[in-house]
Amino acid sequence: MSSAAPVINRHFLNKEESFMYDREANFPMEDTRNEARIEFTEKGMQHLSSRRCEIIKLSRSSALIGILTQFQLPQNFYLDIPSARIPLIGCLLRRVHANNIIEARFLRLLSERDLNRIFVYSTNPNHRNRTLDIYR
């Protein structure tokens, strides 16, 4: 008798969901500085809790977010950018750094229009000359 271990077929869909998003192409990050809010449910409650934050870098598929204090952030949360009028972008937590910086991956790609709107309201000097195109 041979004691061969059974072969288990592994498919990328069997792994956790964030692996699926990591297989997508990454877009280049661009420096920005926008006020935002992280909204999430605490301990399975019905209401949303929110924390203020600042978007440091942004691409169509992900963001680097700076927070003021450390707190327990769930794997799934919403990012709200009130100045650009972009509500509730679904996010997955990728990594939390020791210096209160969070890497987040969006559940959907931001459109060029939304990205431009965020950069128009940015306080970063690189975006000083951007204008909002109201005809699109």
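Everything in this summary refers to the structure shown in the same document. (Residues numbered from 1 in each chain as written. Predicted model: local features only at pLDDT ≥ 70, side-chain atom pairs only at ≥ 80, totals over all residues. Heavy atoms only, no water.)

1. As for the nonpolar core
- The biggest cluster of nonpolar side chains holds 25 residues, and the ones touching the most others in it are Ile38, Leu58, Ile65, Phe77, Leu79, Ile81 and Phe106.
- When residues in this core are grouped by element, the largest group, 4 residues, is from strand β5 (residues 86–96).
- Look past the residues within four positions of Leu58 in its chain and what remains in contact with it is Pro28, Met29, Glu30, Thr32, Ala63, Phe106, Leu110, Leu115, Ile118 and Phe119. (Core = buried A, V, L, I, M, F, W, Y, C linked by side-chain atoms within 4.5 Å. Buried < 20%, exposed > 50% of the residue type's maximum accessible area, 1.4 Å probe, protein only. Helix = DSSP H or I, 4+ residues; strand = E, 2+ residues; numbered from the N terminus. Contact = heavy atoms within 4.5 Å.)

2. Focus on the packing of aromatic side chains
- Evaluated as defined, the whole model comprises 0 aromatic pairs.
- Above the face of the Phe27 ring, Arg60 is positioned so that its terminal group lies 5.4 Å from the ring centre. (Phe/Tyr/Trp six-rings, centres within 6.5 Å; stacked < 30°, edge-to-face > 60°. Lys NZ or Arg CZ within 6 Å of the ring centre and 35° of its normal.)

3. What to know about the environment of Leu58
- Residue position: Leu58 is located in strand β2 (residues 48–58).
- Sequence spacing of Leu58 and Thr32 is 26 residues, and the spatial spacing of their C-alpha atoms is 6.7 Å.

4. Topic: the pattern of salt bridges
- Enumeration according to the criterion identifies 7 salt bridges in this entry.
- The salt bridge partner of Lys57 is Asp31, with a shortest N-O separation of 3.2 Å. With a gap of 26 residues between them, Lys57 in strand β2 and Asp31 in strand β1 (residues 30–41) connect regions that are remote in the sequence.
- With relative accessibility at 30%, the residue Lys57 sits in the partly exposed group.
- For Asp31, a relative accessible area of 35% corresponds to the partly exposed category.
- For the salt bridge of Glu35 with Arg52, the shortest nitrogen-to-oxygen distance reads 3.6 Å. Taken together, the residues Glu35 in strand β1 and Arg52 in strand β2 connect sequence positions 17 residues apart.
- Given the relative accessible area of 44%, Glu35 is considered partly exposed. (Salt bridge = Lys/Arg side-chain N within 4 Å of Asp/Glu carboxyl O.)

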